[in-house]
Amino acid sequence: MPNAESPASAASDLRRLRDALAGTDPLNWVITGDSITHGLVHTQGGRSYAEHLHELIRGELGRTRDAVINTAISGHRITDILGDWDRRIASWTPDVVTLMIGTNDMATGPGQVTVEPAEFAASLREFVTRARSAGTIVVLQTPPSIDIPNAPGRERIIAFADAVREVATSEDVILVDQHARFTELGNGGVPWGMMNDPFHPNAAGHAALALELANALDICPQPGNDRVRPLLEARVAAARL
């Protein structure tokens, strides 16, 4: 599917993805980021959003020859991904790559290297440039909201979410604003029923992440073959009670 002949944009990438999903050629999807995408521990045995995406694509869409690969690593920052580009991204020759990053990049405190939002944004632009040079569709995600009073060192969440938004706008990249969605689910704050700790979503939170990503990319099975999405929606609704 890679096509670098015309200038890439969010709109053209969404059209390319729609056309590819309507076709039969297999796609490689790389889902990357930090611990939230890695999806260990905090789901307490439930599926991560990357695993839900896998089921939606290879199961309900019936795209069994697609490969959905999660290369996220807990504790990592954007510079870690850029420094391990071949293993994390390039070696999989992705048609689509999604990136959720920033929760560790914003961290301050003892033993931490303080990264400014402008530095973070510059690294995001490098990520976009590298991926697009290979014709890959890029999807940027903001990190979900944080319980700031109980997450010392991560008070700059808004500035880093804004940096992701700014890069998505300036580079004309598909944006999935998970931070805005989680704030909405939390009625303007943190959706407590979807969090396992101050900044890691639980299984219900991962259901919400998966739904927002699937909606943005129009990953919608045909009526009658839509089993997973209603279950995810029910889990999110129950967590809001």
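Residues numbered from 1 in each chain as written. Predicted model: local features only at pLDDT ≥ 70, side-chain atom pairs only at ≥ 80, totals over all residues. Heavy atoms only, no water.

### Considerations on the layout of surface pockets
For the largest pocket, the calculated volume is near 230 Å³. As for the largest pocket, its lining consists of 13 residues, and the residues nearest its centre are Leu21, Ala22, Leu61, Cys220 and Gln222. Of all the elements, helix 1 (residues 10–22) adds the most residues to the lining of the largest pocket, at three residues. Among the residues making up the lining of the largest pocket, the classes are represented as six nonpolar, three polar and four charged. (1 Å grid on protein atoms, 1.4 Å probe; cavity = no way out; pocket = protein on both sides within 12 Å on 5 of 7 lines; lining within 4 Å. Points joined across faces, edges and corners; volume = space filled by probe spheres on them. Helix = DSSP H or I, 4+ residues; strand = E, 2+ residues; numbered from the N terminus. Nonpolar A, V, L, I, M, F, W, Y, C, P; charged D, E, K, R; others polar.)

### Some remarks on the pairing of strand 4 (residues 137–141)
In terms of burial, strand 4 is a largely internal element, five of the five residues being buried. The side-chain alternation of strand 4 yields two buried faces, one formed by Ile137, Val139 and Gln141 and the other by Val138 and Leu140. Taken together, the five bridges between strand 3 (residues 96–100) and strand 4 define a ladder with parallel strand orientation. Within strand 4, the position partnered with Leu99 by the bridge is Leu140. Traced from strand 3 through helix 6 (residues 117–133) to strand 4, the parallel crossover comes out right-handed. (Buried < 20%, exposed > 50% of the residue type's maximum accessible area, 1.4 Å probe, protein only. Pairing = 2+ DSSP bridges. Right-handed = clockwise from strand over helix to strand, strands pointing away.)

### Re empty space enclosed by the protein
The full count for this structure, using the stated rule, is one cavity of 30 Å³ or more. Approximately 40 Å³ is the volume attributed to the largest cavity. Lining of the largest cavity is provided by Ser35, Ile36, Gly39, Leu40, His42, Thr43, His200, Pro201 and His206. A breakdown of the residues in the lining of the largest cavity according to their chemical character gives three nonpolar, six polar and no charged.

### A look at helix 1
Under the 1.5 Å per step criterion, the end-to-end length of helix 1 is 18 Å for 13 residues, consistent within 8% with the ideal 18 Å. Of the residues making up helix 1, those classed as buried are Ala10, Ser12, Asp13, Arg16, Leu17, Ala20 and Leu21. Where the residues of helix 1 are buried, they touch strand 1 (28–33), strand 3, helix 6, strand 4 and strand 5 (174–176). (Expected span 1.5 Å × (residues − 1). Contact = heavy atoms within 4.5 Å.)

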